[in-house]
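Okay, here's what each chain looks like letter by letter:
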Amino acid sequence: ASKNNGKNQTTVFRDLLHDEILEYVELQSNLKNALTAGEFELYYQPQFNMNTNEMIGSEALLRWNSPDKGIIPPDRFIGIAEKTGFIIELGDWVIKEVCRHIQEWEERKLNYGKVSINLSGVQILSSAFLNHIDEIFAAYDIAPKKIVFEITENVAIDDSITTIAKLEALRALHFEVALDDFGTNYSSLSYLKKLPIDYLKLDKSFVYSLGQDDKTGAITESIIYMAHRIGLKVIAEGVEKLEHMEILKKFNCDFAQGYLFSRPVSKSDFERIYLED
Ligand code: C2E
Ligand code: MG
Ligand code: MG
Ligand code: MG
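Description of the structure in this document. (Residues numbered from 1 in each chain as written. Chains lettered and ligands numbered in written order. Predicted model: local features only at pLDDT ≥ 70, side-chain atom pairs only at ≥ 80, totals over all residues. Heavy atoms only, no water.)

Some words on the coordination of the magnesium ion (ligand 3)
Taken together, the protein donors to the magnesium ion (ligand 3) comprise D180 (OD), D181 (OD), E237 (OE) and E237 (OE), at separations of 2.0 to 2.5 Å. Read in sequence order, the donor residues for the magnesium ion (ligand 3) give the motif D-D-x55-E. A separation of 4.1 Å is found between the magnesium ion (ligand 3) and the magnesium ion (ligand 2), which are bridged by D180. With D180 in strand β6 (residues 176–182) and E237 in the loop between β8 (233–236) and α11 (242–250), the pair connects residues that are 57 residues apart, well separated along the chain. You'll find D180 and E237 in the same group, each marked buried. (Donors = N, O, S within 2.8 Å, 3.2 Å for Na, K, Ca; no water. Helix = DSSP H or I, 4+ residues; strand = E, 2+ residues; numbered from the N terminus. Buried < 20%, exposed > 50% of the residue type's maximum accessible area, 1.4 Å probe, protein only.)

Below, the structure written as structure tokens:
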């Protein structure tokens, strides 16, 4: 029974592992080549003020246009890039690319609001992080208040002392900071008190269940209330339905982002649809 095409379980397992390692090594070297070949692209997803409906900014989201595999979403390669440390180089590229785009929008006098940039934990915890930020922004004439850096809860929790120091340094430079995917971790509340942040991004898992069960509604309303009490603004992620929007408005949520308004779109689509009259 332990035979499988003439191989025993150990051999099958070893072959599987071997394949996984090969795929991993292949993806890793592909990532480096992809960056050199210009296969990465930033998409933008607009964010809206819930009361005025005006666009307040956008989130930059990374895409990999692979010539043989098509568009590869970040969840498929960010993890590998983090394990190999390549995320630091890739993360720098993302920040520079956002700066290039903002510079162009400034020159064209387009009203783009703010741009949110996702930071990986590996990136923010690397010792050169703040130097990289200095170097990149020294090359551009961009007001720091136009940039919001997003970090996820688990980053903040894994190494809170270092993270807090880095976030404080960013805010001292007048960048803004958002806590992404809020509510997906168990110890969220105690960290809110300690983290130097400006925005809380309500995770899409809360938004999905709005209108489906009363508890989610009560928890969401309480999170928004509490965030406001400690001086944070709230952005709801993953708003897909008009019903979500209506409930969030009732709860005094400040901003919204989601498929109801727009999927993430290419820079040229973003400009055509949201920035050019
Ligand atoms: P995130 O930062 O939480 O970004 C929001 C994700 O939700 C995006 O997925 C977006 O496309 C998706 N989304 C937006 N509205 C809706 C909606 O209404 N419904 C649903 N179901 N999804 C919605 P995406 O672009 O695939 O990115 C996934 C994650 O990859 C991001 O989650 C972020 O953690 C990471 N990521 C993306 N770009 C970067 C980057 O430049 N650097 C780093 N370190 N991470 C990135
Ligand atoms: Mg984000
Ligand atoms: Mg998120
Ligand atoms: Mg996420």
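Considerations on a negative patch on the surface
A cluster of like negative charges, contributed by D19, E20, E23, E26 and D68, occupies part of the molecular surface. Along the chain, D68 turns up in the loop between β2 (55–66) and β3 (70–72). (Patch = residues over 30% accessible without salt bridge, like charges linked within 9 Å, V, L, I, M, F, W, Y side chains within 5 Å. Areas by Shrake-Rupley, 256 points an atom, 1.4 Å probe, with all protein chains shown as cover. Salt bridge = Lys/Arg side-chain N within 4 Å of Asp/Glu carboxyl O. Lys, Arg positive; Asp, Glu negative; His and termini not counted. Charge placed at Lys NZ, Arg CZ, Asp CG, Glu CD.)

Thoughts on the packing of helix α5 (residues 129–138) against helix α7 (residues 160–172)
Packed helix pairs are characterised by how far apart their axes lie and by the angle those axes make with each other. As a packed pair, α5 and α7 sit with axes 11 Å apart at the nearest point and diverge in direction by 20°. The angle between α5 and α7 falls in the class roughly parallel. When the axes of α5 and α7 are compared, the crossing they make is right-handed. Between α5, through F129, L130 and I133, and α7, the contact on the second element is made entirely by K166, A169 and L170. (Axes fitted to C-alpha atoms, helices over the stretch in contact; angles between N-to-C directions. Parallel < 35°, antiparallel > 145°, perpendicular 65-115°, else oblique. Left-handed = near helix turned anticlockwise from the far one by under 90°. Contact = heavy atoms within 4.5 Å.)

Structural notes on the site of ligand 1
Around ligand 1 sit 24 residues in total, of which N118, D180, K204, E240 and Y259 are the nearest. The contact in question runs from an oxygen atom of ligand 1 to an N or O atom on the side chain of D180, over 2.8 Å. At 3.2 Å from an oxygen atom of ligand 1 is found a side-chain nitrogen or oxygen belonging to E237. Taken together, the elements giving at least two residues each to the shell around ligand 1 come down to β2, β6 and α9 (204–209). Its residues assigned to classes, the shell around ligand 1 comprises 10 nonpolar, five polar and nine charged. (Near = heavy atom within 4 Å. Polar contact = N/O pair within 3.5 Å; in protein donor to acceptor, adjacent residues only side chain to side chain. Nonpolar A, V, L, I, M, F, W, Y, C, P; charged D, E, K, R; others polar.)

Notes on the pattern of salt bridges
Evaluated as defined, the whole model comprises 13 salt bridges. A salt bridge links E176 to K114; the shortest N-O distance between them is 3.0 Å. Here E176, found in strand β6, pairs with K114, found in strand β4 (residues 114–118); they are 62 residues apart in sequence, far enough to count as distant. With relative accessibility at 18%, the residue E176 sits in the buried group. The closest approach of N and O atoms between E150 and K201, which form a salt bridge, is 2.7 Å.

Quick look at the nonpolar core
A general feature of soluble globular proteins is that nonpolar side chains tend to end up buried together. In this structure, F40, I95, V98, W105, F137, F149 and L248 are the most contacted members of the largest nonpolar core, which totals 76 residues. Per-element accounting of this core gives the leading share, 10 residues, to helix α3 (residues 86–107). In contact with I95, other than residues within four places in its own chain, are I117, L119, Q123, I133, I136, F137 and F149. With five residues, the next largest nonpolar core counts V148, Y199, I235 and F255 among its residues. (Core = buried A, V, L, I, M, F, W, Y, C linked by side-chain atoms within 4.5 Å.)

Comments concerning the pairing of strand β5 (residues 147–152)
Within β5, five of the six residues are buried, which leaves it mostly tucked inside the rest of the structure. As paired elements, β4 and β5 share four bridges and run parallel to each other. Note that in β5 the partner of V115 across the bridge is I147. As judged from the five bridges shared by β5 and β6, these two strands associate in the parallel manner. Across the sheet, the residue bridging to T152 is D180, located in β6. (Pairing = 2+ DSSP bridges.)

A word on the packing of α3 against α5
Look at α3 against α5: their axes get within 10 Å of each other, and the N-to-C directions meet at 30°. It follows that α3 is roughly parallel to α5 by the angle criterion. Remark: the crossing between α3 and α5 carries right-handed chirality. Residues I88, D92, I95, K96 and C99 of α3 pack against H132, I133, I136 and F137 of α5. For the contact of α3 with α5, the per-class residue count stands at six nonpolar, one polar and two charged.

Focus on the packing of aromatic side chains
Applying the stated rule across the entire model yields 14 aromatic pairs. Plain terms: the ring middles of Y44 and F270 are 5.5 Å apart, the flat faces sit at 25° to each other, and that makes the pair stacked. Taken together, the residues span a long stretch of sequence, with Y44 in strand β1 (residues 40–49) and F270 in helix α12 (residues 267–275) at a distance of 226 residues. Taken together, the aromatic side chains of Y44, F48, W105, Y112, F261, F270 and Y274 make up a single cluster linked through ring pairs. The ring centre of Y43 lies 5.4 Å from the NZ or CZ of R63, which sits over that ring. Stacked on the ring of Y112, the Lys or Arg K146 has its end atom at 4.6 Å from the ring centre. (Phe/Tyr/Trp six-rings, centres within 6.5 Å; stacked < 30°, edge-to-face > 60°. Lys NZ or Arg CZ within 6 Å of the ring centre and 35° of its normal.)

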